[in-house]
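# A closer look at the structure
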Amino acid sequence: MNVRIEPGWHAELADIFDTPEFRHTAEFVRDSYARSTVYPPAGKIFAAFDSCPFDKVKVVILGQDPYHGPGQANGLCFSVNPGVRMPPSLVNIFKEISDDTGAPIPTDGDLSRWAAQGVLLLNATLTVEANRAGSHQGQGWEQFTDEVIARLSRDRDNLVFILWGSYAIRKSQLIDRSKHLILTSPHPSPLSAHRGFFGNHHFSRANAYLSAHGKSPIVW
């Protein structure tokens, strides 16, 4: 089927788009947008891919669901558009970056600046119904994004996979540790950030690994 996504990703994933499983997911998503309020906006479902081409990926950060409040989700995990109040988890991410690297805390939560440098900001489920967290889980998105992770592991070298919280950490089984760096810690949510997210130094550790493998570090 014809999926509008960045050409490099389309070439990498074309065989998936023609499977009955993905067709089911696409049909479910189309029906959901037609009958209810769904986030992110339909044109932003594949924003993480469109803003970070397959051959440019250096770091993968995995979220679970898009934000389910009005005006929040923009297709990049943890990110919100300029002018949108930063969710608590994102505030904690910026606090850790500041403590870890000395970078100032930004005035907005738009992470497209990371994507442009090679950070794939991937949610495991790419859509969600308004005000219903997890409502689009179990409809095939997880199988699709698991395949994305597996193919990045298989076909790229020396990537950094940043996995926060038990849900994301379980995805480490898809990643070849012999050729990639996997960084794990508790989730940045206020419920868990003080149990090991703060002080994980993931951002400086990611940059040290990238530099050691001849890649430019991320300006966090």
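Structure report, in brief. (Residues numbered from 1 in each chain as written. Predicted model: local features only at pLDDT ≥ 70, side-chain atom pairs only at ≥ 80, totals over all residues. Heavy atoms only, no water.)

Let us look at the packing of helix α1 (residues 7–17) against helix α6 (residues 141–155). Each packed pair of helices is defined by two parameters, the angle between the axes and the distance between the axes. Packing of α1 against α6 brings their axes to within 11 Å, and their N-to-C directions diverge by 130°. As the angle between them shows, α1 and α6 are arranged oblique. Where α1 crosses over α6, the handedness of that crossing is right-handed. Seen from α1, the contacting residues are Trp9, Glu12, Leu13, Asp15, Ile16 and Phe17; seen from α6, they are Phe144, Glu147, Val148, Arg151, Leu152, Arg154 and Asp155. Within the contact of α1 with α6, the residues separate by chemical class into 7 nonpolar, no polar and 6 charged. (Axes fitted to C-alpha atoms, helices over the stretch in contact; angles between N-to-C directions. Helix = DSSP H or I, 4+ residues; strand = E, 2+ residues; numbered from the N terminus. Parallel < 35°, antiparallel > 145°, perpendicular 65-115°, else oblique. Left-handed = near helix turned anticlockwise from the far one by under 90°. Contact = heavy atoms within 4.5 Å. Nonpolar A, V, L, I, M, F, W, Y, C, P; charged D, E, K, R; others polar.)

This part is about empty space enclosed by the protein. One pass over the full model with this rule turns up 1 cavity of 30 Å³ or more. Its boundaries defined by the atoms lining it, the largest cavity holds a volume of some 30 Å³. Around the largest cavity, the lining residues are Pro40, Lys44, Ile45, Pro66, Gly75, Asn123 and Leu126. Partitioning the lining of the largest cavity into residue classes produces 4 nonpolar, 2 polar and 1 charged. (1 Å grid on protein atoms, 1.4 Å probe; cavity = no way out; pocket = protein on both sides within 12 Å on 5 of 7 lines; lining within 4 Å. Points joined across faces, edges and corners; volume = space filled by probe spheres on them.)

Inspection of the secondary structure assignment puts Glu142 in helix α6. Lacking a salt bridge, the buried Glu142 has Lys171 as its closest oppositely charged neighbour, with an N-O distance of 7.1 Å. (Buried < 20%, exposed > 50% of the residue type's maximum accessible area, 1.4 Å probe, protein only. Lys, Arg positive; Asp, Glu negative; His and termini not counted. Salt bridge = Lys/Arg side-chain N within 4 Å of Asp/Glu carboxyl O.)

Moving on, we come to the pattern of salt bridges. On inspection of all chains with the given rule, the structure shows 9 salt bridges. The residue Arg23 makes a salt bridge to Asp18 at a minimum N-O spacing of 3.7 Å. The salt bridge involving Glu147 is made with Arg151; its shortest N-O contact spans 2.8 Å. Of this pair, Glu147 and Arg151 both sit in helix α6, separated by 4 residues, roughly a single helical turn.

Worth remembering: the numbers are spatial, not functional.
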